[in-house]
Amino acid sequence: MIDLAERLEPHAARLRATDLRTLFAADPDRFARLSLRLDDLLIDFSKEKLDAQAMAALRALARDAGVEEARDAMVAGAHWNLTEDRAVLHMALRGGAAAPAGDDVDGTRARMLAFAEAVRSGRHAAQAGPFTDIVNIGIGGSDLGPAMVARALEPDRDGPRLHFVSNVDRAHLADVTRDLDPARTLVIVASKTFTTLETMMNARAARAWLRRAVGDDAGRHMAAVSSNVAGAAAFGIDDSRVFGFWDWVGGRYSVWSSIGLPVAMGIGAAAFRAFLDGAASMDRHFRAAPLARNLPVVLALVGIWRRNAMGWPMVALVPYDQRLARFPAYVQQLDMESNGKRTHRGGAPVAHATGPVIWGEAGTNAQHSFFQLLHQGTDVVPVDFIANAVSRDGADDETGGDHQAALLASCLAQSQALALGRTEAEVRARMAEQGADTGDIDRLAAHRTFPGDRPSTTILQRRLDPFTLGRLIALYEHKVFVQGVIWDIDSVDQRGVELGKERAAELVPALRGDGASGDGTSDDGASDDGARGDRAGLDASTAGLVAALRELSQ
Ligand code: F6P
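Please read these numbers as outputs of a predicted model, since none were measured by experiment.

Draft legend 1. Structural detail: the pattern of salt bridges. This structure, assessed with the given rule, holds 33 salt bridges. Note that Glu48 and Arg306 form a salt bridge whose closest N and O atoms lie 2.6 Å from each other. Residue Glu48 is located in the loop between strand E2 (41-44) and helix H4 (52-65), and its partner Arg306 is located in helix H13 (residues 295-309); the two are separated by 258 residues in the primary sequence. The exposure class of Glu48 is buried, given its relative accessible area of 0%. For Asp335, the salt bridge identified is with Lys479, shortest N-O distance 2.8 Å.

As structure tokens, then:
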């Protein structure tokens, strides 16, 4: 195993001793040297706290970690998902790799798209007429992908309205269905396993909602997407409306599969294919471009630099595009469920930091909430900025306001302010120029100083559409993969979600007061034994909380 600290520390030490202002001043070509392009997609790494030598060390790391060999093995169908002993071939869903022999990717996609078109055209309709609304019921990868994409591509939607229900909280389904007409609504149950608690409970509740309105006709109002086709059939959804995918598609990589059905219903088959084509263009680039010019590889290496050389534990993802507002949540699952691991592929504990905490919000909204901390807080949080040059809604409005210029200027201003800051001397000079008296200058100068030297990467493209969105998602997918290879972890399983699921199943009887397993309370609702835990072996805290919830719910 490569010692990341040993490789990177000499470069980190050199760069800790300088700052971004100095690095920009020293090299007029810094932007040209540290930015990359693929067609209209540009990534500017020049505001990251690194230099050409550090980049060369990172590339050597990628080479020695076997990134190219791992990529080729994944594409060739090797069982890259070790703990589940599965291939990892989501690229095959968009033509970026070959599918395993016998798995009919093209045929399955054609069937799914034909159904989407039948719903759009009214050929598959309810008795009351064509479906006006689609409700997708799923969670995690069976929700975040299609929900994020549907929102991002709203200008492309010329089909029924799309809604998404994920949370087991009854409020989610209730609020989404409140203003919908069940007689004109189609429900898609999306679950790779068709066993997920939240999805199955919501699916049953949605079926009951449909039945109350349309009785036995409810079957026409339901479709399913799953790799457990038998499970969907057992739920009672007609085979003709069950769309499968394969175990070599991870949940958080499944938006390209039949899981994209609601999106296809909204935007149509041609636009859905353009979405796949965009991802395939990134796949081709990822497979062919040399490490130094390979966008996902360099994005991954910069992430390794932030995490393992500089020790920064977080990344803020800030798209300057309101329609990408769910993109941070999408990447959160993609990245944190993949690389939030502490065990090497071989089973030994890792000795270095792995996946960072990812969070974010659309700009400019984010500027008015957490950017204060990014500029002047005590922690350094690197930012990924994403922006599209052209608005799909026109830039000017009738009042002459140029929204797009304001949006883009804000994006560039934030990365510039983070990188360069404003020194105390500059603050003092500026205040003096504005006529402030010395007392005020002394009192306020420190508060108005920005330390700067805070890193960011900026990703630009011409505009947000099905092709460029597909390409952007694939960029982050491959970045996550490359980092997993360098960290030598299994990026494709998600064992970390299991323990909580098991515990929740055990706690339901306790919360309901079903005596069998013991609920931590005596008959009068008081805790049996706070210090020891209860009959079911609950810890004192959980037993106390169960008792309190039961009491409060009376
Ligand atoms: O949260 C764990 C997880 O397995 C995710 O990886 C997945 O996207 C989600 O649950 C939903 O799973 P399913 O599609 O099987 O319902």
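Draft legend 2. Expanded view of the site of the ligand. If you check the shell around the ligand, you find 13 residues, and the closest are Gly141, Ser142, Ser191, Thr193 and Thr196. One of the backbone nitrogen or oxygen atoms of Gly141 is found 2.6 Å away from an oxygen atom of the ligand. Thr196 has a polar side-chain atom sitting 2.5 Å from an oxygen atom of the ligand. If the ligand stood free it would expose 390 Å²; the protein chains cover 87% of that surface. Its atoms largely coinciding with the cavity grid, the ligand occupies the largest pocket. Residues that form the shell around the ligand fall into these classes: 2 nonpolar, 9 polar and 2 charged.

Draft legend 3. Inspection of the pairing of strand E4 (residues 161-165) at higher detail. Judged by how many residues are buried, E4 sits mostly within the fold: 4 of 5 residues are covered. Alignment of strand E3 (residues 133-137) against E4, held across 5 bridges, turns out to be parallel. When the bridges of E4 are listed, Ile137 appears paired with Val165.

Draft legend 4. Examining the environment of Ala445 more closely. Residue position: Ala445 is located in the loop between helix H18 (438-444) and strand E11 (456-461). Overall, Ala445 belongs to the buried group, its relative accessible area being 0%.

Draft legend 5. Molecular detail of the nonpolar core. Counting residues in each nonpolar core, the largest one holds 117 residues, and the members touching the most others are Trp305, Phe327, Leu469 and Tyr476. By residue number, the principal contributor to this core is helix H19 (residues 466-487), which donates 12 residues. Leaving out residues up to four positions away in the same chain, Tyr476 has contacts with Leu299, Leu317, Phe327, Val331, Leu334, Asp384, Ile386 and Ile459. Among the nonpolar cores identified, the runner-up in size contains 22 residues, and Ile137, Leu173, Val189 and Met222 belong to it.

Draft legend 6. The sheet that holds strand E9 (residues 357-360), seen in detail. Pairing within the open sheet is mixed, and its 6 strands lie in the order E1-E2-E11-E10-E8-E9. The outermost strands of the open sheet, each flanked by one partner alone, are strand E1 (35-38) and E9. Strand-to-strand twist in this sheet, taken as the mean axis angle between neighbours without regard to direction, amounts to 15 degrees. Bridging between strand E8 (residues 314-320) and E9 involves 4 bridges; their strand directions are parallel. Along E9, the bridge assignment pairs Leu317 with Gly360.

Draft legend 7. Expanded view of the packing of helix H6 (residues 105-121) against helix H12 (residues 269-288). Running from N to C, H6 and H12 cross one another at 140 degrees; their axes reach a closest spacing of 10 Å. In this view, H6 runs oblique relative to H12, as classed from their interaxial angle. In this structure, H6 uses Arg109, Met112, Leu113 and Glu117 to contact H12, whose residues at the interface are Ala269, Phe272, Arg273 and Leu276. Tallied by class, the residues present in the contact of H6 with H12 amount to 5 nonpolar, no polar and 3 charged.

Draft legend 8. Looking closely at the layout of surface pockets. Of the pockets and cavities examined, the largest pocket occupies roughly 980 Å³. Thr193, Thr196, Gln494, Val497 and Lys501 are, among the 43 residues lining the largest pocket, the residues nearest its centre. Elements with a contribution of two residues or more to the lining of the largest pocket: helix H9 (197-214), helix H14 (327-339) and helix H20 (498-512). By residue number, the principal contributor to the lining of the largest pocket is H20, which donates 5 residues. Partitioning the lining of the largest pocket into residue classes produces 15 nonpolar, 17 polar and 11 charged. In this structure, the second largest pocket spans a volume of roughly 330 Å³. Lining the second largest pocket we find 16 residues, and of these Asp321, Ser391, Asp393, Gln404 and Leu407 sit closest to its centre.

The rules behind each value
Sequence positions are assigned chain by chain, starting from 1 and proceeding in written order. Note on the predicted model: pLDDT of at least 70 is required for a residue's local features to be given, and 80 or more for side-chain atom pairs to be given and counted; whole-chain, interface and lining totals, by contrast, use all residues. Computation of side-chain values covers all heavy atoms of the structure but excludes hydrogens and water. By definition, a salt bridge exists where a carboxyl oxygen of Asp or Glu is found within 4 Å of a side-chain nitrogen of Lys or Arg. The helix and strand labels rest on DSSP assignments: H or I over at least four residues marks a helix, E over at least two residues marks a strand, and numbering proceeds from the N terminus. Summary of the burial criterion: residues with accessible area below 20% of their type's maximum are buried, those above 50% are exposed, and those between are partly exposed, where the area comes from a 1.4 Å probe applied to protein chains only. Near is defined per residue: the residue qualifies when any heavy atom it owns lies within 4 Å of the molecule or strand. Counted as a polar contact is a pair of N or O atoms within 3.5 Å, where, for protein atoms, one must be capable of donating a hydrogen and the other of accepting one, and residues adjacent in sequence contribute only when both atoms are in side chains. For accessible areas, the Shrake-Rupley method is used with a probe of radius 1.4 Å. Any residue's cover is judged against the shown protein chains and nothing else. Cavities and pockets are found on a 1 Å grid laid over the protein atoms alone: a cavity is a set of points where a 1.4 Å probe fits but cannot escape, a pocket is an open set with protein on both sides within 12 Å along at least five of seven lines, and a lining residue has an atom within 4 Å of such a point. Whether a molecule sits in a cavity or pocket is decided by its atoms, more than half of which must lie within 2 Å of the grid points. Note on residue categories: nonpolar means Ala, Val, Leu, Ile, Met, Phe, Trp, Tyr, Cys or Pro, charged means Asp, Glu, Lys or Arg, and polar means any other residue, Gly included. Any two strands between which DSSP finds at least two bridges are classified as paired. What is meant by a nonpolar core is a set of buried Ala, Val, Leu, Ile, Met, Phe, Trp, Tyr and Cys residues, joined one to another through side-chain atoms within 4.5 Å. Whether two residues touch is decided by their heavy atoms; if any such pair falls within 4.5 Å, the residues are in contact. Axis lines are fitted through C-alpha atoms, for helices just across the contact stretch, and the angle between N-to-C directions can take any value from 0 to 180 degrees. Note on terminology: angles under 35 degrees are roughly parallel, angles over 145 are roughly antiparallel, angles of 65 to 115 are roughly perpendicular, and the others are oblique. Grid points are joined across faces, edges and corners, and a volume is the space filled by probe spheres set on the points.

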